[in-house]
Structure formats: C-alpha cells, structure tokens
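# Examining the three-dimensional arrangement
As a plain string of letters, each chain reads:
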Amino acid sequence: MIGVTTLDEFIIDRQDDFPFATGDLSRLLRDIGFASKIVNREVNKAGLVDISGAAGSENIQGEQQQKLDVFADEVFIKALKSGGEVCGIASEENDDFIAFENESSRNGKYVVAMDPLDGSSNIDVNVSIGTIFSIFRRKSEIGSLATMEDFLQPGTEQVAGGYVLYGSSSMLVYTTGNGVNGFTLDPSIGEYCLSHAGMKTAENGKIYSMNEGNYFQSHKGIQKYLDKCKEDRKTARYIGSLVADFHRNLIKGGVYLYPGTTSAPSGKLRLLYECNPLAFIVEQAGGKASDGDQRIMEIVPRELHQRCPYFVGSKNMVEEIEGLLK
Ligand code: AFP
C-alpha cells in the first residue's frame, strides 16, 4: 500500500509458488524472521550490557549474563517449538538434535538445522555476525518424534535455506528454490522490508576471502590459487564471519575459501548448517558451492556436525579452484 513489501507480506504472496502447500513453511519462515528480530535486539545491545552491568543496573537478581550464542540458540528453539511446524532442530550449540515432544510439534512436517549465531568470536569486537538456517521436510512419520534420518539429508533436499546478517543494518536473505530475496530490517517499524529482490551473483568476481594464516597448511592447489589472486591484483577481504564474507561476495562477486588443512583435513565449516544453506542460496543466485571435488549439496551427511572443505561464490572462481585441486 505504501510501496514497501514486508517479509511477512512477501512470504504470504509467495505461497502460491507451492501448489499444495498448507502454509506451514510460510509460518515457519515467519517464525525464524520473528526470532531473529529478538536476537538482533540483543546483538545491538551487546556492548551496552557490560556498561550497564558494571553500573549495577542490570542483573539485580545476580543472574549471570548469558553468552549471546546461547541466548540466540534458546530464542530460535523456543520460537520453532511453539510454532508447531517443526518436529526437531539440530543446532551448532547442541551435540545432539532436539526432538520436540509436544503434540503440535510432533505433527510438524519440517526439521531445521541451524547455526544460531555464527562468527561469535566477533561479537566482543563489534563485527558483523549471522544466523544460518536450513529447512528439510522430515523423513520420519508425522506424529512421531524426529529422528537422525530427518537431519542427515543431502542439501539437494532442502526446501528452504537462508541467513540473517546482523551488520551495519540487519538483513534476512532466503531461498525456497525460486530465486533469492533479501530483506533489510527497518528498526523504526520493526519489519524486514524487501530491499534486494531476485539477487544474482557475478560469474566472475574480484574478491577472494580466506584465512591466509592457513596458507602453508593448505593444498598446493590452494597455494597456487592464492598466488594467482595476488598476481592478478584481486582484492583480499576476510572478516572471519562466514555470513558477512558470503553476503559481501554474493553482492560484489567473489569467492570464499575454507579448505582442508594438514591439521584439519575437512576444514572448519559444518556441512548441515553452514555450507548447505549458503550453497542453496549461491546456486539460486547463479553461483557455485563445492568441496573442491563435489557439489556441496550432493554430499550425503554421515553425522550432524560433519565438516567439509568449502569453496563458495562466483561460478568461474569456484571452478578454477576445483581445477587446481585435481
Ligand atoms: P566462530 O563462530 O568461532 O567465530 O567461527 C566462525 C566461523 O565458523 C565462520 O563464520 C568463519 O568464516 C570461520 O569460522 C573463521 O574461521 P578462522 O578463524 O579459522 O578464519
């Protein structure tokens, strides 16, 4: 009506993309959007908490200030449990998945794998952090408890994937397999508003992002690629917050690398809730995600917190890395 499309309006409009949909996925995406606003509010206060705490005006009951990543985990779990569309959640914060036992959740059609607050080592220094989520249709019978099989599905089975970036402004970006759309949070009205419709990424970019401290521990092919980036005068940018690095490269064109190293042959990043959702987004935007050999979304996971080498971003750059690793 006033020329702004909010996330909620957009999700409702897009429900027609799924002919037999009941609206559960739409409600689930809205629950994630809502929970992320609560996390965003706390993230924005992160620096203030210590100040007010030191002045004695916080924690009058002597409660310990929770770490933000634990807080975010609890917020998403509560939101998804009370929503009733999800029967279980696997999170970076918990060793095992959580099967929701309440009746409405047992009837939920979906499971969610998520990293509630990625890049948490950046919180204390006021650098952008993010939430990453991946949604699957459950394999187990509706009405029963969620099982491991529900979570160990390849990324190609995702029904939605997305991230929230808590940055200079906060954004929610997601895909359900019909393109990628980004929404910027307008704090004055507390709504995510469509700001980046139909996001596409360049086939070739100028930016490369890697923790080059790992150079000597990396495969010769990776060393060659990094050397070539320098010879070609490419731009090095690395925040150390996957969502922020990924988001910048998606918009500007570039590649993010987290290869395996001699001490960590599978790299650092987790397949289920870091690599897969961003792979879904990048592919929908025209880019590529690979472990150097295989398409990320085709890897069949063996365990919840499985790690894999990760190369994601502009298609030609990822392919060049794959070529050097052969
Ligand atoms: P933290 O949550 O420990 O900060 O890890 C963040 C992360 O998973 C990802 O967001 C970064 O891209 C990557 O690790 C950074 O890893 P390095 O510190 O090894 O570069």
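Residues numbered from 1 in each chain as written. Predicted model: local features only at pLDDT ≥ 70, side-chain atom pairs only at ≥ 80, totals over all residues. Heavy atoms only, no water.

### Structural notes on the pattern of salt bridges
Test applied: Note on definitions: salt bridges are taken to be side-chain nitrogens of Lys or Arg within 4 Å of carboxyl oxygens of Asp or Glu. Numbering of helices and strands runs from the N terminus; a helix is a DSSP stretch of H or I covering at least four residues, while a strand is a stretch of E covering at least two. The buried label applies to any residue whose accessible area, calculated with a 1.4 Å probe on protein chains only, is under 20% of its type's maximum; exposed applies above 50%, and partly exposed to all values in between.
A full pass over the atoms with the stated rule returns 19 salt bridges. Residue D24 pairs with K109 through a salt bridge whose shortest N-O separation is 4.0 Å. With a gap of 85 residues between them, D24 in helix 2 (residues 24-54) and K109 in the loop between helix 4 (103-106) and strand 3 (110-118) connect regions that are remote in the sequence. Among the ionic pairs, E298 bridges to R295, the shortest N-O distance being 3.0 Å. A relative accessible area of 41% means that E298 is categorised as partly exposed. Residues joined in a network through salt bridges with shared partners are D24, R27, E85 and K109.

### Quick notes on the environment of D96
Along the chain, the position of D96 falls in the loop between strand 1 (86-91) and strand 2 (98-99). Taking the relative accessible area as the measure of exposure, D96 reaches 46% and is therefore partly exposed. Considering only alpha carbons, one finds D96 and L304, 208 residues apart in sequence, at a separation of 7.6 Å.

### Side note on the sheet that holds strand 2
Cut-off, in case you're wondering: Here, strands pair whenever DSSP counts at least two bridges between them. Note on contacts: a residue pair qualifies if any of its non-hydrogen atoms lie within 4.5 Å across the two residues. To define axes, lines are fitted to C-alpha atoms, for helices over the stretch in contact only, and angles between the resulting N-to-C directions are given on a 0 to 180 degree scale.
If you walk across this open sheet you meet the 8 strands as 2-1-3-4-5-6-7-8, and the pairing is mixed. Edge positions in the sheet fall to strand 2 and strand 8 (191-196), since each has one partner strand and no second. Contacts between helix 7 (residues 242-252) and the sheet are confined to strand 3, strand 4 (129-137), strand 5 (158-166), strand 6 (170-175) and strand 8, with strand 5 contributing the most and set at about 100° to the helix.

### What about the packing of aromatic side chains?
Operational definition: Only Phe, Tyr and Trp rings take part, Trp by its six-membered ring, and two of them pair if their centres are within 6.5 Å. Stacked means planes under 30 degrees apart, edge-to-face means over 60, and tilted covers everything else.
Within this structure, the stated rule accounts for 7 aromatic pairs. Centre to centre, the rings of F10 and Y174 are 6.5 Å apart; their planes meet at 85°, and the pair counts as edge-to-face. A residue pair is termed long-range when its members are at least 10 positions apart, and F10 in helix 1 (residues 7-14) and Y174 in strand 6 qualify at 164 residues. Like Y174, F10 is buried. Here a set of aromatic residues connected by ring pairs shows up, and it is made of F10, Y174 and F183.

### Details of the side chain of S26
In this fold, S26 is placed in helix 2. In this structure, S26 is in contact with I11 and Q15, ignoring residues within four places of it in sequence.

### Looking at unusual backbone geometry
Notably, N126 is not glycine yet its phi reads approximately 60°, a positive angle. For N126, the location among the structural elements is in the loop between strand 3 and strand 4. What makes N126 exposed here is its relative accessible area of 76%. Phi is positive for R233, close to 55°, though the residue is something other than glycine. Position of R233 among the secondary structure elements: in the loop between helix 6 (220-231) and strand 10 (235-236). With a relative accessible area of 68%, R233 lands in the exposed category.

### Description of the site of the ligand
Inclusion rule: Being near a molecule or strand, for a residue, comes down to having at least one heavy atom within 4 Å of it. Polar contacts, as used here, are pairs of N or O atoms within 3.5 Å; protein pairs need one atom able to donate a hydrogen and one able to accept it. Residues neighboring in sequence count only if both atoms are side-chain atoms. Classification used: nonpolar for Ala, Val, Leu, Ile, Met, Phe, Trp, Tyr, Cys and Pro, charged for Asp, Glu, Lys and Arg, polar for all others including Gly. Segmentation of the chain into domains, including their bounds, is taken from an automatic or database domain assignment.
Around the ligand, a shell composed of 14 residues is seen, among which D118, S121, Y238, Y256 and Y258 lie nearest. Taking D118, its side chain carries an N or O atom lying 2.5 Å from an oxygen atom of the ligand. Here an oxygen atom of the ligand sits 2.9 Å away from a polar atom, N or O, in the side chain of K268. Its residues assigned to classes, the shell around the ligand shows 5 nonpolar, 6 polar and 3 charged. Residue assignment places the shell around the ligand across two domains, with domain 1 (7-196) and domain 2 (207-325) each supplying three or more.

### A word on the sheet that holds strand 12 (residues 288-290)
Strand order in the open sheet formed by 5 strands is 10-9-11-13-12, and the pairing between neighbours is mixed. Edge positions in the open sheet fall to strand 10 and strand 12, since each of these has one partner strand only. Pairing of strand 11 (residues 254-258) with strand 13 (residues 310-313) involves 4 bridges; the strand directions are antiparallel. In the sheet register, Y256 faces strand 13, and the bridge partner there is V312.

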